[in-house]
Amino acid sequence: EDQVTQSPEALRLQEGESSSLNCSYTVSGLRGLFWYRQDPGKGPEFLFTLYSAGEEKEKERLKATLTKKESFLHITAPKPEDSATYLCAVQAPNFNKFYFGSGTKLNVKP
Amino acid sequence: GAVVSQHPSWVICKSGTSVKIECRSLDFQATTMFWYRQFPKQSLMLMATSNEGSKATYEQGVEKDKFLINHASLTLSTLTVTSAHPEDSSFYICSARQRPDTGELFFGEGSRLTVL
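All of the points below concern the structure found in this document. Just so it is clear, the structure is predicted and the values come from calculations on it, not from any experiment.

1. Re the sheet that holds strand S3 (residues 19-25) of chain B
All names here are of chain B.
Phase 1 of the analysis: Across the sheet, four strands lie side by side as S1-S3-S8-S7; this open sheet has antiparallel pairing. The sheet terminates laterally at strand S1 (4-7) and strand S7 (67-73), the two strands that pair on one side only. The mean inter-strand angle of the sheet, taken between neighbouring strand axes irrespective of direction, is 15°.
Phase 2 of the analysis: With six bridges connecting them, S3 and strand S8 (residues 76-81) associate as antiparallel partners. When the bridges of S8 are listed, Glu22 appears paired with Thr78.

See below:
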């Protein structure tokens, strides 16, 4: 069964404490893997696209990596403003089919 | 970056009334838009794929007559919740692809529907 699983469900960090969020997938024929940030009561904000194993993307304190089975979102020296829910989505061979994970809720305390 | 705007951001209505939510791509044309529903602390549930100039494709279990989708132009898709009931209360989000050859979805701000 095609699915996307994110872990942990919730993560509490102290400001400056680096960590990683995981997105594992069983979708066959991945076209692309996407990371989004979602603030409460808002729509998801696009962060990264990864297309092939070994690919990495960076933006400020965030770095996304991809293997054949999973993706990691590394957060280096996080700040309180990084607190949000981070969603992972996988695009299936059907161009219009996306599988979303349930998200990791990150809370960064000052 | 691509901007998708949703309106209204929140709406409260009485049971039995219909509510229309608009989704606009502001700086690009979108032949395909997607409508999602999100329950508290859960991920996005795809409701339907909206295709400009043709009928929407609904996911299994989503009532076509309850959730009417119209994609009349390349920049506008609407979701109408007909005869709304309290169980329809939810957060509805639309998304669109800026380019048809890529997968990046850009999302609207979401619309919070509360049915009394």
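Having put the structure on the table, let's press on.
2. Overview of the interface of chain B and chain A
Phase 1 of the analysis: Residue-level contacts link 22 residues of chain B with 19 residues of chain A.
Phase 2 of the analysis: Buried surface at the junction of chain B and chain A, both sides included, amounts to about 1,500 Å², of which 57% is carbon and sulfur.
Phase 3 of the analysis: A per-residue breakdown of the area chain B buries against chain A is headed by Ser43, Glu104 and Phe107 of chain B, which together make up 27% of the total.
Phase 4 of the analysis: Ionic pairing is found between Glu59 of chain B and Lys97 of chain A, a salt bridge with its closest N-O pair at 3.4 Å.
Phase 5 of the analysis: Joining chain B to chain A, the criterion identifies seven residue pairs in polar contact (both at pLDDT 80 or more).
Phase 6 of the analysis: If you tally residues by element for the side of chain B that touches chain A, the top one is strand S4 (residues 32-38) of chain B, at four residues.
Phase 7 of the analysis: Residue composition of the side of chain B that touches chain A, by class: nine nonpolar, eight polar and five charged.

3. Some remarks on the pattern of salt bridges
Residue and element names in this part refer to chain A.
Phase 1 of the analysis: Under the definition given, this model contains seven salt bridges over all chains.
Phase 2 of the analysis: Where Lys63 meets Glu56, a salt bridge forms, and the shortest distance between an N and an O atom there is 3.3 Å.
Phase 3 of the analysis: Residue classification places Lys63 among the partly exposed positions, given a relative accessible area of 27%.
Phase 4 of the analysis: Residue classification places Glu56 among the partly exposed positions, given a relative accessible area of 47%.

4. Considerations on the nonpolar core
Phase 1 of the analysis: Among the nonpolar cores identified, the biggest contains 27 residues, and Val4, Trp35, Phe67, Ile69, Leu79, Tyr92 and Leu113 of chain B are the most heavily contacted of them.
Phase 2 of the analysis: When contributions to this core are tallied by element, the ones reaching two or more residues are strand S2 (10-13), S3, S4, strand S5 (44-51), S7, S8, strand S9 (90-97) and strand S11 (111-115) of chain B.
Phase 3 of the analysis: Leu13, Leu47, Val90 and Tyr99 of chain A belong to the second-largest nonpolar core, a separate cluster that totals 25 residues.

5. Focus on the packing of aromatic side chains
Working definition: an aromatic ring pair is given by the centre-to-centre distance plus the angle between the planes.
Phase 1 of the analysis: In the structure shown here, the tally under the stated rule is ten aromatic pairs over all chains.
Phase 2 of the analysis: With a centroid separation of 5.2 Å and 90° between ring planes, the pair formed by Tyr36 of chain A and Phe107 of chain B is classed as edge-to-face. Taken together, the residues Tyr36 of chain A in strand S4 (residues 32-38) and Phe107 of chain B in strand S10 (residues 105-107) connect one chain to another.
Phase 3 of the analysis: By relative accessible area, which is 1% here, Tyr36 of chain A ends up buried.
Phase 4 of the analysis: Aromatic side chains Phe100 of chain A and Tyr36 of chain B sit 5.4 Å apart centroid to centroid with 80° between the ring planes, which places their arrangement in the edge-to-face category.

6. Here's the deal with the environment of Leu46 of chain B
Residue and element names in this part refer to chain B.
Phase 1 of the analysis: Here Leu46 shows up in strand S5.
Phase 2 of the analysis: Taking the relative accessible area as the measure of exposure, Leu46 reaches 14% and is therefore buried.
Phase 3 of the analysis: Spatially, the C-alpha atoms of Leu46 and Thr57 are 11 Å apart, while their sequence positions differ by eleven residues.
Phase 4 of the analysis: With near-sequence residues (within four places) excluded, Leu46 lies in contact with Phe34, Trp35, Tyr36 and Glu59.

Definitions and cut-offs
- Residues numbered from 1 in each chain as written.
- Chains lettered and ligands numbered in written order.
- Predicted model: local features only at pLDDT ≥ 70, side-chain atom pairs only at ≥ 80, totals over all residues.
- Heavy atoms only, no water.
- Pairing = 2+ DSSP bridges.
- Helix = DSSP H or I, 4+ residues; strand = E, 2+ residues; numbered from the N terminus.
- Axes fitted to C-alpha atoms, helices over the stretch in contact; angles between N-to-C directions.
- Contact = heavy atoms within 4.5 Å.
- Buried area = accessible area lost by both parts, 1.4 Å probe.
- Salt bridge = Lys/Arg side-chain N within 4 Å of Asp/Glu carboxyl O.
- Polar contact = N/O pair within 3.5 Å; in protein donor to acceptor, adjacent residues only side chain to side chain.
- Nonpolar A, V, L, I, M, F, W, Y, C, P; charged D, E, K, R; others polar.
- Buried < 20%, exposed > 50% of the residue type's maximum accessible area, 1.4 Å probe, protein only.
- Core = buried A, V, L, I, M, F, W, Y, C linked by side-chain atoms within 4.5 Å.
- Phe/Tyr/Trp six-rings, centres within 6.5 Å; stacked < 30°, edge-to-face > 60°.

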